[in-house]
Amino acid sequence: MIPSVLPTYNRAPLEFVKGEGSWLIEADGRRFLDLGSGIAVNVLGHAHPELVATLTEQARNLWHVSNLYHIPQQQKLADMLVDKTFADTVFFTNSGTESCELAVKMARKYWYEKGVPERVEIIGFEGAFHGRSSAGIAAAGSEKMTTGFGPLLPGFKHLAWSDMAALKAAIDDKTAAVILEPVQGEGGIRPMADDMLREVREICDAAGVLLILDEVQCGMGRTGRLFAHEWAGIAPDIMMVAKGIGGGFPLGAVLATEAAASGMTAGTHGSTYGGNPLGCAVGGKVMEIVSEPDFLGAVNARAGALRQKLEGLVASHPEVFEEVRGTGLMLGLKCRVSNADVVKAGYDNLVITVPAADNVIRLLPPLNITEDEIAEAVERLDAAAAAIESVSSSV
Ligand SMILES: *Cc1c(COP(=O)(O)O)cnc(C)c1O
């Protein structure tokens, strides 16, 4: 009999009843160090007192009103994002995949309004993840996500990751935009090198096509800059955001330049919940905290400490781990044994990690994890690796 919850997830036998900072707690009191953050969502950890205060205060006043009216919390968050980024304008969604839908619609509408309606194609890269909606799976294109869900939304091409020659060759007079994650998350923590990201920007500029960056996972401070593309000194035309922006409240956004957004006039897009007062009040507080002068500097310091400890971990367990990859607090350990086994051994040693493609485990801790917690987490990973070694040496 089918379970009452649609069985699209293979769930681990864990059930948390409470979260505190970097910790997740089960009913029996077992405390896990959380290096997953709900997949890069809880950027300020669990139950951050200022976010709890903001959420409860807003809940007492007003949960929801329609976008038919002005929403000051939404205005405030949009103003902050415009102030801190390349963007001139922002649309709020509830998730990453909804941000993908709008990014694709916006790029196509841009060309339509320019009188070039045949420019509809979006060029993406293998290993990408852009969410589970029809546009999201078509944009990523992998068989795993698309099989059985045809006919797929047409107008997407996929190139090998970071293949600049292929990108130049693929752009033609049907191309509307290029879409990519500056650091692929689900694809196995694969950063695009800064000089290649600059080259993508140059190729797009030369051809006059739009660049859409998906910073749903790598944005909101995760790499040590507010958005990952800042490291390369470039800016997109359109950017998808979600996950960390709400700190755990379902919130997403599409940020765009005035030119890229020029087709999106009144009535062309909408959302019932997107940008509602509860979500935007919380998102505003997250932005305030992440924008504090020392916040990102501290993220970079923690990232350095974690990376160094992970390099040591890999060196002491060469049969379990192959390498550390990634940037900032978006790190991956490429495994030599099955990554699922490493994640499971982590659970047994009370540390949470997240599997990704390419046999990688992802480490995406809260951005405010302490150095003591980092040390403790790596000790637990060390114990997990030792447990795997003792099993494999006993067979
Ligand atoms: C998670 C993710 C998405 C999809 O976000 P949802 O909120 O699950 O719809 C899109 N792009 C990237 C890079 C992601 O990591």
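Keep in mind the model is a prediction, meaning the values are calculated, not measured.

A look at the overall build of the protein
Thought 1: Check the secondary structure of the protein and you find twelve helices and 17 strands.
Thought 2: Its C-alpha atoms give the protein a radius of gyration of 21 Å, within 12% of the compact-globule value 21 Å for 395 residues.
Thought 3: Taking the principal axes of the C-alpha coordinates as reference, the protein spans close to 70 × 55 × 50 Å.
Thought 4: Counting only contacts in the protein whose residues sit at least 6 apart along the sequence, the fraction spanning at least 24 positions is 74%.

Topic: the sheet that holds strand 11 (residues 238-241)
Thought 1: Read from one edge to the other, the open sheet built from seven strands follows the order 4-12-11-10-7-5-6, with strand pairing classed as mixed. Either end of the sheet is taken by a strand with one partner, and the two such strands are strand 4 (89-93) and strand 6 (156-159). Averaged over all neighbouring strand pairs, the angle between strand axes comes to 20°, with direction disregarded.
Thought 2: By the bridge criterion, four bridges tie strand 7 (residues 175-180) to strand 10 (residues 210-214) in an arrangement that is parallel. Bridge pairing in strand 10 links Ala 177 to Leu 210.
Thought 3: Sheet contacts for helix 4 (residues 96-113): strand 4, strand 5 (121-125), strand 7, strand 10, strand 11 and strand 12 (252-256); angle to strand 12, the most-contacted strand, approximately 25°.

Focus on the pairing of strand 5
Thought 1: Taking burial as the measure, the five residues of strand 5 include five buried ones, the bulk of the element.
Thought 2: Summarising the sheet, strand 5 and strand 7 pair through three bridges and their orientation is parallel. Bridge assignment links Glu 121 to a residue of strand 7, and that residue is Thr 175.

Regarding the packing of helix 2 (residues 49-61) against helix 9 (residues 277-290)
Thought 1: Closest axis-to-axis distance for the helix 2/helix 9 pair is 9 Å, and the angle between their directions is 155°. As the angle between them shows, helix 2 and helix 9 are arranged roughly antiparallel. For the element pair helix 2 and helix 9, the recorded crossing hand is right-handed. In this structure, helix 2 uses Glu 50, Leu 51, Thr 54, Leu 55, Gln 58 and Ala 59 to contact helix 9, whose residues at the interface are Pro 277, Leu 278, Ala 281, Val 282, Lys 285, Val 286 and Ile 289.
Thought 2: Among the residues making up the contact of helix 2 with helix 9, the classes are represented as nine nonpolar, two polar and two charged.

Points about the nonpolar core
Thought 1: Core analysis: the biggest nonpolar cluster contains 115 residues, and Ala 107, Val 178, Leu 210 and Ile 212 have the highest contact counts within it.
Thought 2: Counting residues per element, this core draws most heavily on helix 4, which supplies eight residues.
Thought 3: Not counting chain neighbours up to four residues away, the residues in contact with Leu 210 comprise Ala 107, Tyr 110, Ala 176, Ala 177, Cys 204, Asp 237, Ile 238 and Ala 260.

A word on the site of the ligand
Thought 1: Close to the ligand lie 14 residues; Ser 95, Gly 96, Thr 97, Gly 131 and Gln 217 are nearest.
Thought 2: Looking at the shell around the ligand, its residues break down into three nonpolar, seven polar and four charged.

Rules and cut-offs
- Residues numbered from 1 in each chain as written.
- Predicted model: local features only at pLDDT ≥ 70, side-chain atom pairs only at ≥ 80, totals over all residues.
- Helix = DSSP H or I, 4+ residues; strand = E, 2+ residues; numbered from the N terminus.
- Rg over C-alpha atoms; globule rule 2.2 N^0.38 Å.
- Contact = placed C-beta atoms within 7 Å.
- Pairing = 2+ DSSP bridges.
- Axes fitted to C-alpha atoms, helices over the stretch in contact; angles between N-to-C directions.
- Buried ≥ 20, exposed ≤ 12 C-beta atoms within 10 Å, placed from the backbone.
- Parallel < 35°, antiparallel > 145°, perpendicular 65-115°, else oblique.
- Left-handed = near helix turned anticlockwise from the far one by under 90°.
- Nonpolar A, V, L, I, M, F, W, Y, C, P; charged D, E, K, R; others polar.
- Core = buried A, V, L, I, M, F, W, Y, C linked by C-beta atoms within 7 Å.
- Near = placed C-beta within 6 Å.

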